[in-house]
Amino acid sequence: FLDQARKLQPITEVEASQFMGRGTDNSNNVRSRALDLLKGGFYDVESMSFCKCASVVNSSQNLLLVRCECLASQKDQHYTVYLCFEDKDGGHLMPSPYSSC
């Protein structure tokens, strides 16, 4: 998995904004809380898994799907996060509906 992850592009500011709004001025400070949870280890590394798959829209597009359990920031519950990347060197994050929480 780490070899695959090292080939991917880091998530950009634009991609993060698509999921969580711009900056920290969104209504409930989602980006700031998400970063605090990441730094605090509120994700279950042992739950991480990945698989290679293809898009149902474009079957020639190879994708890498990453799954991880994360603790919610304001509730006592876990979320399953799915991050989908292009499966190639320098692969970028695929937006919703490919990636979701």
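Residues numbered from 1 in each chain as written. Predicted model: local features only at pLDDT ≥ 70, side-chain atom pairs only at ≥ 80, totals over all residues. Heavy atoms only, no water.

Draft legend 1. How the structure looks around the overall build of the protein. Along the backbone of the protein there are 3 helices and 4 strands. Reading the helices (α) and strands (β) of the protein from amino to carboxyl end gives α-α-α-β-β-β-β. Expressed as a percentage of its 101 residues, the buried residues of the protein come to 26%. At a minimum sequence separation of 6, the contacts of the protein that also span at least 24 residues come to 38%. (Helix = DSSP H or I, 4+ residues; strand = E, 2+ residues; numbered from the N terminus. Buried < 20%, exposed > 50% of the residue type's maximum accessible area, 1.4 Å probe, protein only. Contact = heavy atoms within 4.5 Å.)

Draft legend 2. Quick look at the pairing of strand E2 (residues 62-71). Both strand E1 (residues 43-54) and E2 contribute to a ladder of 8 bridges, which runs antiparallel. Across the sheet, Ala54 pairs through a bridge with Asn62, a residue of E2. As defined by bridge partners, E2 adjoins strand E3 (residues 78-86) across 9 bridges and the pair is classed as antiparallel. The partner of Arg67 across the bridge, within E3, is Tyr82. What sits between E2 and E3 in their antiparallel hairpin is a turn of 6 residues. (Pairing = 2+ DSSP bridges.)

Draft legend 3. Focus on the nonpolar core. By size, the foremost hydrophobic cluster in this structure holds 5 residues: Leu8, Leu64, Val66, Phe85 and Leu93. When near neighbours in sequence (up to four residues on either side) are disregarded, Leu64 contacts Gln4, Leu8, Phe50, Cys51, Lys52, Leu83, Cys84, Phe85 and Asp87. (Core = buried A, V, L, I, M, F, W, Y, C linked by side-chain atoms within 4.5 Å.)

Draft legend 4. The sheet that holds E1, seen in detail. Across the sheet, 4 strands lie side by side as E1-E2-E3-E4; this open sheet has antiparallel pairing. Either end of the sheet is taken by a strand with one partner, and the two such strands are E1 and strand E4 (93-94). Where E3 and E4 come together, 2 bridges link them in antiparallel fashion. Following the sheet pairing, Phe85 is matched in E4 by Leu93.

Draft legend 5. Layout of the environment of Lys88. Take Lys88: it is sitting in the loop between E3 and E4. If we ignore the near neighbours within four places in the chain, the residues touching Lys88 are Lys7 and Leu8.

Draft legend 6. Geometry of the confidence of the model for the protein. Mean pLDDT for the protein: 77, with 85% of residues reaching 70 or above. Within the protein, the element-level pLDDT minimum falls on helix H2 (residues 13-20), averaging 70, and the maximum on E2, averaging 87. (pLDDT = per-residue confidence, 0-100.)

Draft legend 7. Representation of the side chain of Glu86. Secondary-structure assignment places Glu86 in strand E3. Look at Glu86 and you get buried, because its relative accessible area is 18%. One polar contact links the side chain of Glu86 to the main-chain amide nitrogen of His92, over a distance of 2.8 Å. Excluding residues that lie within four positions of it along the chain, Glu86 makes contacts with Leu8, Gln61, Asn62, Leu63, Gly91, His92 and Met94. (Polar contact = N/O pair within 3.5 Å; in protein donor to acceptor, adjacent residues only side chain to side chain.)

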